[in-house]
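# Per-entry structural report
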Amino acid sequence: MSTPPIGRRGFIKGALGVGALAVAGCAPGGSGQAVPSKLAAPSATASTVKGEITIWNRSGDLFKVFDAAIAKFKQAYPGVTVNHQQVDIDAKLANTLISGTDVPDGSFWDDAKIGGQAEHLYDLTDLIAPYQDKTAPYKISVNTVDGKIYGVPWDLDPGLLWYREDILEAAGVDIASIATYDDLLTAARTIKDKNPASKPIHLDKNPFLSQLWLEMLANQQGTSLTDASGKLRLDSPEYKKIFTWIEQATGDGLVTHAPYLEPADVNTLDNGQQVFVPWAIWWSFAPQNLLKATKGKWRAAPLPAWTPGGARSGVMGGSSFVIPAKAKNPELAWLLYEYLCFKDEGIQAVYGPNSVYPGGLSTSVPSYLPVLDPAKPLFQPIEALGGQDLWKVATEASSTIPAAAPIPWWWAQSVDYLGNNVQRLIEGKMSPDDVIADSAKKIQRNLVDRG
Amino acid sequence: MRVRTWLTPYVFVSPFFLVFAAFGVYPLIFALQLSFTRWRGAGEATFVGLGNYSYLLSSPDFWASLGNSAVMWVLIVPIQVVAGLGAAVLLANAKLRLRGFFRVAFIAPFVTPLVAMAQVWIVVFDTDYGLVNYLLNLVGLPDVGWLTSTTWSKPTLALLVLWKTTGFAIIILLAGLQAVPGQVYEAASLDGASRWRQFWSLTVPLVRRSIAFLVVVQTLAVFQMFAEPFVVTQGGPYGSTETAGLYLFDHISASDLGTGAANSFLLVLLVFGLSLGAVRLLRPKDGTS
Amino acid sequence: MKPGIGQYTILGVLAIGFLYPIWWAISSSFKPPNDIVTDPLTLSGPTLHNYQAMFADVPIGTGFANTALVLVVKGAMTMVFCPLAGYAFAKFTFPGKNVLFGVVLLTLMLPTLVLIIPLLLEMSALGWVNTYQALILPGSIDAFSIFWMRQTIAAIPTELIDAGRVDGASELGIFVRVVLPVIRPGLAALAVLTTMNVYNDFVWPVVAVNDTEHQTLQVVLSTLAQNITGNRIGSDFTTVWGELLAAGSVAMVPLLVIFVLLQRHFINGILAGSVKG
């Protein structure tokens, strides 16, 4: 498929003294391809395509959901055999791409990891072109490297403001009045006045998640850690605004600082100490499965805006599908992902009611805009949210999400600096200016400059 | 009649070197070459000379990771040697009742899968709802942030390593104890030597070789350790459990392979020095090691 | 030397501390998955839910079979070749000995992490990804075991070996008749350590094997654990938690049982000829 890259080959040969081992002839991965492989649409029709593909997914409930959806794909494409495997993707995919052996035809992957491995992946720009305008701009931007799209955008994870409806009502706070983050502080103060034991706002204690959360608040303002050219843009009014807000919230004693859904978090969510959780849609899992005392009392609203009239949501997390450059049947993998991400039937198979989630998959929404119709829900109203129509809230919020930029390869590594400094800020050990200066300096030196 | 030929020792060690030639030489040379380049697993590797080495040596993070590992070493190795030796002596004693039970109890953690047991650690040492703090509260002591304070995170992680690998130390030391003949003890008892003195003057010198082995192997293990902090703390809080091995793992998991390779060779130099020191310190008086 | 009450107390407390985490993992595997997170210290259930889900989700039987296979082959190679090499390094003088032993120690000192990707490239060039030879051969005769055997054999008085030599036996004969019987305790320890190492090894098997057919036990566990050890994003980490503890229990219980049944034998083997008093 790809010609052995001369540069790499020479490099190994040099190491071995003119390739003493047969190994020297091995061309690692799809590496060094001067022109990344570009995938074109298959010409055969659904009933005539034939072949076998290997598809990797993470283990867990989501695997079962995809398994059921793939069964439906096979009905639509009877000639295609799908070998669907659950794999420790974080440990394996990058290594497999580098070695180039036994590479799957397609794999699920975190959006944050795609940018770093673009050279091993098919350029899907032409294939996605017909759907590009109809896909959430955020998802297109995180899957784009140097103007080319490398992932099939799967889920969109809008941030929402989760709140205790009963407590707000008792305190006389109208959720509709919380339109900005300042309003949120005001509401939190009102609640704390009524119940001094309350620390209404959840801020997360896990550095990785707190940085992911920070990016949600930045995305809401149309910015992100780096711009499209990879330049760091932490030192900006937008980030300053977020950090100052955190400082204010913690300074006023309005914050419960707890690790995501660990016992300390679950218990303070259940005992009324926490009232507001600004978090991605996947938090819906907590009231449905973990919270016993307050099940049915939580509701979701759009996030507050940073400026009056500003965007009411941002993205926190998310995944896409990639097709490795060494895939044996990339065209067929594309057909599967096109079906799962862009075809009504496939989207319905993933998000609609199924045997794993009887009410539908409600921990994210599709990123394909035509199906994000508030009036046409894919998943059902949720009992654990008092029968609230989460679909409507999430799709309305999603429509305001701004585009972002590709996520740099070192994003996860930067948690050691930025995520940790956000924790110091929450604990009152660091000022907003220091968070910016210290994180920017270290990320620049240890990550950006070493790219 | 076969006599000893010059070839014999080479034949005896050859299987190892055959396997090493097949599966060790290539990766080793590749890694060494990689350490002078910048390569992220794709595209052409760029030659950077000693750039990766000088970056690491001037990086506070690198030195912090060595410092963290050094503290872990102090918390693990001496305790393991002393406790392991004490346990081994007791478990070797035929007069100990419930001997089989104690043997199983101390060695059992060695067979447990780390990924599952790490979850136990996270739950049992939870600051607010863990068993350990619950017990502390019962006797009127305040909560301790076992995994959330930079003071306690290393001891808590060290405890996991001690819990899981002391069985290993016991096995090594038990094998060493078999060299201690019972008659030596009887002679010493007749002299009226106290049990404690017996232990220090007889047992310890005789198992010195095993102790040296244990110290070297555990020193290597502690400085290469990455799975324990990775699954329990991800290096936190605030990098306090970012060990040398985990710091190296981070480079490799980010596909920053050149830096990872350079980091590995710096670690080799370090552990080589440390092992040499340990062997010298524990060298028996007869000069063999 | 009869142990006193104080020693029993210390041993008893330690034993409880050592066994409690294992008890916690096994008992929690019988709890409803959400209770493991929200209610970690009380018992509820019991339910077989986690086990049913785990057996349906992951090929743990295959994992067992493969681990057993790797164990037998690797174990046999280790038990045959490492004592021989250890003997040569301990009791022979030959040109290049220090250099060669230095190479053995170097492989022990080099973090395996850095060799993973080059080794994987080599495996893929050989067409060995997803094969048993890839699981077994790299590191099959390992530096740790040679080092251990060298230390053990070095303790044998040289006169004993020379005494065996006078009747003109071959070197292999001396090794089998003189050296092996003396180092039986060391071999027993080596067998135990090798078993544990093969059983617990996961970094290389995870990377070298993609298909279900060749997964070892630890690969199966790592597939389950990824959602917990990686990012906890997404919806289903508590179900995975329950399944992970179930799989962990299934993985450790057989070895624990074998260990309980055989401890007398192999520990006595390790202690053969030791302190009696």
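Computed from a predicted structure; not experimentally measured.

A word on the overall build of chain B. Counting its secondary structure elements, chain B contains 14 helices and two strands. Counting only C-alpha atoms and orienting by the principal axes, one finds that chain B spans roughly 75 × 75 × 30 Å. Evaluated residue by residue, chain B yields a buried proportion of 54% over its 289 residues. Across chain B, every contact between residues at least 6 apart in sequence was considered, and the portion connecting residues at least 24 apart equals 69%.

In terms of helices and strands, chain C carries 14 helices and zero strands. Listed by position from the N terminus, the elements making up chain C come as α-α-α-α-α-α-α-α-α-α-α-α-α-α. When each of the 277 residues of chain C is scored for burial, the buried share is 51%. Put simply, of all contacts in chain C between residues at least 6 apart along the chain, 74% involve residues at least 24 apart.

All names here are of chain A. Relative to the helices and strands, P406 is located in the loop between α15 (390-398) and α16 (418-426). Accessibility expressed as a C-beta count within 10 Å gives 25 for P406, which makes it buried. Taking the C-alpha atoms as reference, P406 lies 25 Å from T307; in sequence the two are 99 residues apart.

Here we come to the confidence of the model for chain B. For chain B, the average pLDDT comes to 85, and 90% of its residues sit at 70 or higher. Of all the helices and strands in chain B, helix α9 (residues 182-190) of chain B carries the lowest mean pLDDT, 54, while helix α3 (residues 51-57) of chain B carries the highest, 96.

All names here are of chain A. Helix α10 (residues 237-251) packs onto helix α9 (residues 207-220) with a crossing angle of 125° between their chain directions and a minimal axis gap of 10 Å. Taken together, the axes of α9 and α10 are oblique relative to one another. In this structure, α9 crosses over α10, and the sense of that crossing is right-handed. Touching L214, L217 and A218 of α9 are E238, Y239 and I242, all from α10.

How large an interface is tends to be reported as the accessible area lost when its parts come together. On the chain C side, the residues contacting the 81 residues of chain B number 83 residues. Per-class residue counts for the side of chain B that touches chain C are 61 nonpolar, 13 polar and seven charged.

Take the nonpolar core next. Ranked by internal contacts, the top residues of the largest apolar core, which has 318 residues, are L336(A), L174(B), A85(C) and A247(C). A per-element tally of this core places helix α8 (residues 153-177) of chain B first, with 15 residues. Once residues lying within four places of it in the same chain are set aside, the contact partners of A85(C) are F12(B), V13(B), P15(B), F16(B), I146(C) and M149(C).

As a further point, take the pairing of strand β13 (residues 319-322) of chain A. Residue and element names in this part refer to chain A. Burial along β13 is two-sided: S319 and F321 and S320 and V322, pointing in opposite directions, are all buried. As defined by bridge partners, strand β3 (residues 106-110) adjoins β13 across four bridges and the pair is classed as antiparallel. Looking at the pairing, W109 lines up with S320 of β13. Bridge count for strand β6 (residues 151-153) against β13 is three bridges, and the pairing is antiparallel. Among the inter-strand pairings, G151 is bridged to a residue of β13, identified as V322.

Residue and element names in this part refer to chain C. UniProt marks residues 7-26, 64-87, 99-121 and 244-262 with the feature "transmembrane region" (unreviewed entry), using the numbering shown here. As a span, residues 7-26 carries 100% helix and 0% strand, and end to end its C-alpha atoms are 29 Å apart. Secondary structure over residues 244-262 splits into 100% helix and 0% strand, and the C-alpha atoms at its two ends are 27 Å apart.

A separate point is the sheet that holds β3(A). In sheet architecture, strand pairing relies on hydrogen bonds along the backbone and comes in two forms, parallel and antiparallel. All names here are of chain A. Within the open sheet, the five strands sit side by side as β2-β1-β3-β13-β6. Their pairing is mixed. The open sheet has two free edges, formed respectively by β2 (80-86) and β6, since each of these has just one partner strand. Shown here is a sheet whose adjacent strand axes are inclined to one another by a mean of 30°, direction ignored. Of the pairings in the sheet, the one linking strand β1 (residues 51-57) to β3 comprises two bridges and is parallel in character. Note on β3: the bridge partner recorded for I55 is G106. Strands β1 and β2 of the sheet are contacted by helix α2 (residues 61-76), whose axis makes an angle of about 175° with β2. In this fold helix α13 (residues 330-342) packs onto β1, β2, β3, β6 and β13, with an angle of close to 55° to the strand it touches most, β1.

Below, the discussion takes up the environment of W391(A). Mapped onto the secondary structure, W391(A) falls in helix α15. Residues contacting W391(A), with those up to four places away along its chain left out, are P377(A), L378(A) and F379(A).

The next point concerns the confidence of the model for chain C. Should the pLDDT be low somewhere, the predicted coordinates at that spot are not to be read in detail. Residue and element names in this part refer to chain C. Of the residues in chain C, 90% have a pLDDT of 70 or more, and the chain-wide mean is 84. Within chain C, helix α2 (residues 33-38) has the poorest average pLDDT of any element, 73, and helix α4 (residues 60-91) the best, 94. Scoring of the predicted complex yields 0.87 for pTM and 0.85 for ipTM.

Residues and elements named next belong to chain B. Per the UniProt annotation, the sites labelled "transmembrane region" (unreviewed entry) are residues 7-29, 70-92, 104-124, 161-185, 206-227 and 261-282. Helix makes up 91% of residues 7-29 and strand 0%, and the two end C-alpha atoms of the span are 28 Å apart. End C-alpha to end C-alpha, residues 104-124 measures 22 Å, and it is 71% helix and 0% strand.

What follows is about the environment of P83(C). All names here are of chain C. Topologically, P83 is positioned in helix α4. Note on P83: 25 C-beta atoms within 10 Å, which makes it buried. Along the sequence, P83 and F175 sit 92 residues apart, while their C-alpha atoms lie 9.2 Å from each other. In this structure, P83 is in contact with M149, I183 and L187, ignoring residues within four places of it in sequence.

For the bond running from G236(B) to P237(B), omega is -10°, close enough to zero to count as cis. Even without being a glycine, L261(A) presents a positive backbone phi close to 55°. Inspection of the secondary structure assignment puts L261(A) in the loop between β10 (255-258) and α11 (263-270). Among the residues examined, L261(A) registers 23 C-beta atoms within 10 Å and is labelled buried. If you check the backbone angles, Y238(B) has positive phi at about 50° while not being a glycine. Mapped onto the secondary structure, Y238(B) falls in the loop between α12 (227-232) and α13 (244-253).

Calculation notes
Residues numbered from 1 in each chain as written. Chains lettered and ligands numbered in written order. Predicted model: local features only at pLDDT ≥ 70, side-chain atom pairs only at ≥ 80, totals over all residues. Helix = DSSP H or I, 4+ residues; strand = E, 2+ residues; numbered from the N terminus. Buried ≥ 20, exposed ≤ 12 C-beta atoms within 10 Å, placed from the backbone. Contact = placed C-beta atoms within 7 Å. pLDDT = per-residue confidence, 0-100. Axes fitted to C-alpha atoms, helices over the stretch in contact; angles between N-to-C directions. Parallel < 35°, antiparallel > 145°, perpendicular 65-115°, else oblique. Left-handed = near helix turned anticlockwise from the far one by under 90°. Nonpolar A, V, L, I, M, F, W, Y, C, P; charged D, E, K, R; others polar. Core = buried A, V, L, I, M, F, W, Y, C linked by C-beta atoms within 7 Å. Pairing = 2+ DSSP bridges. UniProt positions renumbered as here; feature names shortened; annotations may be inferred.

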